[in-house]
Amino acid sequence: MLVHRSHRSLFLLLPVLALACSAAQGAALPRPESTAPRQDGAGAPAGSTGAKRFVDAGSYFTSAAEIDAWYGLLRVLDDDFDAVCGDTFCEGEYSNYEPLRFRCSVEEHAGTIGSCVWVFAASNEEVLPSTGDVEVDARVFLCEMPVAPETAVVDLVKALSAPMDRAIDAALPGTDRSLYDGLVECL
């Protein structure tokens, strides 16, 4: 293949430009083995304080058993809420509550919970007899759960998976409170 001399220099510059673009976009450039920073057991550079990094609890678990336990617990919590709603929360200002998501952040190296929230949608609907319109009053509730600081996520799953009656009523690790207590304060 014949390449014009001015184009040949462009081909020589391409690898340099690619490295420059990668660096500009924040990509790490490869380091020789001897100059790469050493890391402690948690993956942070040795001797550094290392910023914590949080992930969703569903992403934290790696084994099939842990993943199944987490998602099974989420289903149980939705069922538990449905069981208590009619006698409690669903008799108030809103008659229709729907749990949207129970979500916890987990520090990825320590396995401890940063926070847990349970999000709900709620509504009350009325038919206006004179017009036939349906009037809707809707709201979203973001309920912070009373999980003790530095609770290991595996301890939370264990505590909520072994209740006598309902997971929603089980004592949270390191507290005398339950998820139900958190909902009473929120809803």
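**Points about the sheet that holds strand β1 (residues 54–56)**
Strand order in the open sheet made by the four strands is β1-β2-β3-β4, with antiparallel pairing throughout. Looking at strand neighbours, the two that pair on one side only are β1 and β4 (134–144), the edges of this open sheet. Adjacent strand axes in the sheet meet at a mean angle of 20° when their direction is disregarded. Together, β2 (96–107) and β3 (113–127) form the strand contacts of helix α3 (residues 64–85), whose direction differs from that of β2 by roughly 145°.

**Some points on a negative patch on the surface**
Together, Glu-93, Glu-125, Glu-126, Asp-133, Glu-135 and Asp-137 line one region of the surface with negative charge. Looking at the negative patch, the elements with two or more residues in it are β3 and β4. Inspection of the secondary structure puts Glu-135 in strand β4.

**Observations concerning the pattern of salt bridges**
This model, assessed by the stated rule, comprises five salt bridges. With a shortest N-O distance of 2.5 Å, Arg-103 and Asp-56 are connected by a salt bridge. On the criterion of sequence distance, the pair formed by Arg-103 in strand β2 and Asp-56 in strand β1 is long-range, its members being 47 residues apart. A salt bridge links Arg-177 to Glu-185; the shortest N-O distance between them is 2.1 Å. A relative accessible area of 26% means that Arg-177 is categorised as partly exposed. On the basis of relative accessible area, Glu-185 is assigned to the exposed category, the value being 59%.

**Re the confidence of the model for the chain**
In low-pLDDT segments, the atomic positions of the prediction should not be examined closely. Confidence along the chain averages 80 in pLDDT terms, with 73% of residues attaining 70 or more. When the criterion is pLDDT under 50, residues 1–48 qualifies, and its contacts beyond four places in sequence or with other chains add up to 18 contacts.

**Points about the state of the cysteines**
Counting across every chain of the model gives three disulfides. Here the cysteine-cysteine linkages of the chain are recorded as 1-2, 3-4, 5-6, numbering only bonded cysteines and doing so in sequence order.

**Remarks on a nonpolar patch on the surface**
A surface patch of nonpolar side chains, about 280 Å² in accessible area, is lined by Val-127, Val-134 and Val-136. Tracing the backbone shows Val-136 in strand β4. Taking the relative accessible area as the measure of exposure, Val-136 reaches 52% and is therefore exposed.

**Some words on α3**
For an α-helix, the turn length of 3.6 residues means that residues three or four places apart are oriented alike. Across its 22 residues, α3 extends 32 Å between first and last C-alpha, which sits within 8% of the 32 Å expected from 1.5 Å per residue. When we look at burial in α3, the residues that qualify are Trp-70, Gly-72, Leu-73, Leu-74, Leu-77, Asp-80, Phe-81, Val-84 and Cys-85. Close packing links the buried residues of α3 with α2 (57–60), β2, β3, α4 (153–161) and α5 (179–186).

Here is what the cut-offs are and how they apply
Starting afresh in each chain, residues are numbered from 1 along the sequence in its written order. With the structure being a predicted model, the display of local features is reserved for residues of pLDDT at least 70 and the display and counting of side-chain atom pairs for 80 or more, all residues being used for whole-chain, interface and lining totals. Derived side-chain values reflect all non-hydrogen atoms in the structure, with water molecules and hydrogen atoms excluded from consideration. Strands pair, by our definition, only if DSSP identifies at least two bridges between them. Numbering of helices and strands starts at the N terminus; helices are DSSP runs of H or I of at least 4 residues and strands are runs of E of at least 2. Structural elements are reduced to axes, namely lines fitted to C-alpha atoms, with helices fitted over the stretch in contact, and the angle between N-to-C directions of any two is expressed from 0 to 180 degrees. When checking whether two residues touch, look at their non-hydrogen atoms; a contact exists if any pair is within 4.5 Å. Nonpolar side chains (Val, Leu, Ile, Met, Phe, Trp, Tyr) are joined into patches within 5 Å and like charges within 9 Å, using only residues with over 30% relative accessible area and no salt bridge. Note on areas: Shrake-Rupley with a 1.4 Å probe; residue coverage comes only from the protein chains shown. When a carboxyl oxygen of Asp or Glu lies within 4 Å of a side-chain nitrogen of Lys or Arg, that pair is called a salt bridge. Residues scored as charged are limited to Lys and Arg (positive) and Asp and Glu (negative), so that His and the chain ends carry no count. Every charge is mapped to an atom, namely NZ of Lys, CZ of Arg, CG of Asp or CD of Glu. Only protein chains enter the area calculation, which uses a 1.4 Å probe; residues under 20% of their type maximum are buried, those over 50% are exposed, and those in between are partly exposed. Each residue gets a pLDDT score, which is the predictor's confidence in that residue and runs from 0 to 100. The disulfide criterion used throughout: a pair of cysteine sulfur atoms within 2.5 Å. Expected helix span is taken as 1.5 Å per residue step, with the number of steps being one fewer than the number of residues.

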